[in-house]
Amino acid sequence: MLSNSGYFAIGFSKDVYMGDDYVVMCFNQNIGPNNIQSFYNPENDYNSEILDSNDPNLGLSNIQIWQENGFLSCSFKRKTFIDFHNYFDLNEPFFLLMAKGEALYENSKFTPTQHNQNPLTSLEPINFTNIQSVTASSNPIKLVKAHGIIMTFGWMFLSTLGILLARYYKYLGKNKTLCGVQIWFAFHRPLMLTTSVLSLVGFLLILIRKDWKWTSSAIKINFAHSILGILTIGISFIQPISAIFRPDKDSANRPIFNLLHRVFGILAFILSYAAITLAIKFFLQKYLWLIMVGWLSWLILVVIVLEFIEYKIKKNVKIELVNNTQIIEKNDKNMFDSSFKTAILGLHFVISICFTLAIILLIWIKPTN
């Protein structure tokens, strides 16, 4: 039901968000002449633009508008494709978005205002070359946000910290234990297990959002993200399960296990960031991409610095064998020692919290209308 100054809009979008969309708008006859016009929603701009000011009905024909009992009904035909900028080719699949709002009619021109309610969104990209029924809901956007927040926290903060502890910080509390294991392992294990559990929760949320259907291969970026994501989740669960069967320290197979565990852990980490990078474009656009670039730059820098410190520490230690006894000599003048590494860990903890919270906040406040 629309007010006397309302409009109804149908958007054709590459994702579930408004922005970079072709839109057909049906305007209420009480504010001007009956009309259905072609618009375009620019990316990151909520002011819809008429697609062609010289021909507002570009591509549209058989226009019919009627009102009954407060309801606005619209009917039209649209040409599948016209060689005109931002006129979307419906031979390709698109998400269908539907919204209503207020509009002005001045100087023989309709001006729609931003709608205040979340648009209805199709659960899947629609193939407009076939006749089919469409299911739409206003909940998918909320589930997409929840999925993004959970995955961001798990793989940006928890997994990164867990991997760094395992690679560079096994010396922490070397002569002490926590819950019967070394300090680094007492933190590494719950960090990585929590990441796996959160990944599963995030995966279930996005399946619910898609009505338990897999992402269509027609939307290439979304499909690539889904494949990278399921590979990441699969490996993240293989890791703790394989750890249950970890050989004893003195076993000849222990080095093989350690190597495979390390390789698969790094592989899952790389796949997760590839998936995040593909998905983050829905939430961080234009200059906000610099946040993700900054985080990836920090990760590369911290690994280079820690590898350099590892090299300097090993170079700083001289081991001699005297009377079948190892004699370890250490040059105390070297600033690159374990204390310096611990300081890097503390700095990383603070920086990772800042970047993770920044991206989570941007996902949370991402406009849905």
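Residues numbered from 1 in each chain as written. Predicted model: local features only at pLDDT ≥ 70, side-chain atom pairs only at ≥ 80, totals over all residues. Heavy atoms only, no water.

Of regular secondary structure, the protein chain possesses six helices and 14 strands. Scored against the burial criterion, the 369 residues of the protein chain give a buried share of 42%. Taking contacts inside the protein chain between residues at least 6 apart in sequence as the whole, the part at least 24 apart equals 63%. By element, 61% of the accessible surface of the protein chain is carried by carbon and sulfur atoms, the whole surface being about 20,500 Å². (Helix = DSSP H or I, 4+ residues; strand = E, 2+ residues; numbered from the N terminus. Buried < 20%, exposed > 50% of the residue type's maximum accessible area, 1.4 Å probe, protein only. Contact = heavy atoms within 4.5 Å. Areas by Shrake-Rupley, 256 points an atom, 1.4 Å probe, with all protein chains shown as cover.)

Here we take up the side chain of Asp52. In this fold, Asp52 is placed in the loop between strand 4 (49-50) and strand 5 (60-68). Among buried Asp, Glu, Lys and Arg side chains, Asp52 stands out as unpaired, with Lys79 the closest opposite charge at 12 Å. In terms of polar contacts, Asp52 uses its side chain to reach the backbone amide nitrogen of Asn54, at 3.1 Å. Ignoring sequence-local partners within four residues, the contact set of Asp52 consists of Leu58 and Phe84. (Lys, Arg positive; Asp, Glu negative; His and termini not counted. Salt bridge = Lys/Arg side-chain N within 4 Å of Asp/Glu carboxyl O. Polar contact = N/O pair within 3.5 Å; in protein donor to acceptor, adjacent residues only side chain to side chain.)

Take the pairing of strand 1 (residues 6-13) next. The buried count for strand 1 comes to seven of eight residues, which makes it a mostly enclosed element. As judged from the eight bridges shared by strand 1 and strand 7 (residues 95-106), these two strands associate in the antiparallel manner. Paired with Tyr7 across the bridge in strand 7 is Gly101. Relative to strand 2 (residues 21-27), strand 1 runs antiparallel, the two being bridged by seven bridges. Along strand 2, the bridge assignment pairs Ser13 with Asp21. (Pairing = 2+ DSSP bridges.)

For side chains bearing opposite charge, pairing can occur when the charged atoms are close. Applying the stated criterion to the full structure yields three salt bridges. Lys14 is paired through a salt bridge with Asp20; the nearest N and O atoms lie 3.4 Å apart. Lys14 gets classed as partly exposed once you look at its relative accessible area, which sits at 44%. Glu307 is paired through a salt bridge with Arg167; the nearest N and O atoms lie 2.9 Å apart. Placement of the pair is Glu307 in helix 5 (residues 289-316) and Arg167 in helix 1 (residues 140-168), with a sequence separation of 140 residues.

Time to look at the pairing of strand 2. On a regular strand, each side chain points to the face opposite its neighbour's, so the side chains alternate between the two faces of the sheet. The buried fraction of strand 2 amounts to seven of the seven residues, a majority that puts the element mostly inside the structure. Pairing of strand 2 with strand 3 (residues 35-41), which is carried by seven bridges, proceeds in the antiparallel orientation. Looking at strand 3, one finds that Asp21 is bridged to Asn41.

As a further point, take the nonpolar core. Within soluble globular proteins, side chains that are nonpolar generally end up buried alongside one another. By size, the foremost hydrophobic cluster in this structure holds 48 residues, and its most contacted members are Tyr17, Tyr169, Tyr273, Met292, Trp295, Leu306 and Ile359. Counting only elements with at least two residues in this core, the list comes to helix 1, helix 2 (183-209), helix 3 (220-244), helix 4 (254-279), helix 5 and helix 6 (338-365). If you look at the next biggest cluster of nonpolar residues, it comprises 18 residues, including Ile10, Phe12, Cys26 and Leu58. (Core = buried A, V, L, I, M, F, W, Y, C linked by side-chain atoms within 4.5 Å.)

What follows covers the packing of helix 5 against helix 6. In a packed pair of helices, the relevant descriptors are the angle between the two axes and the axis-to-axis distance. At a closest axis distance of 11 Å, the pairing of helix 5 and helix 6 adopts a crossing angle of 170 degrees. Accordingly, the angle class assigned to the pair helix 5 and helix 6 is roughly antiparallel. Counting all contacts with helix 5, which are made through Ile291, Met292, Gly294, Trp295, Trp298, Leu299, Val302, Val305, Leu306, Ile309, Glu310 and Ile313, the residues of helix 6 involved are Ser338, Phe340, Lys341, Ile344, Leu347, His348, Ile351, Ser352, Phe355, Ile359 and Leu362. The residue inventory of the contact of helix 5 with helix 6, partitioned by class, reads 17 nonpolar, four polar and two charged. (Axes fitted to C-alpha atoms, helices over the stretch in contact; angles between N-to-C directions. Parallel < 35°, antiparallel > 145°, perpendicular 65-115°, else oblique. Nonpolar A, V, L, I, M, F, W, Y, C, P; charged D, E, K, R; others polar.)

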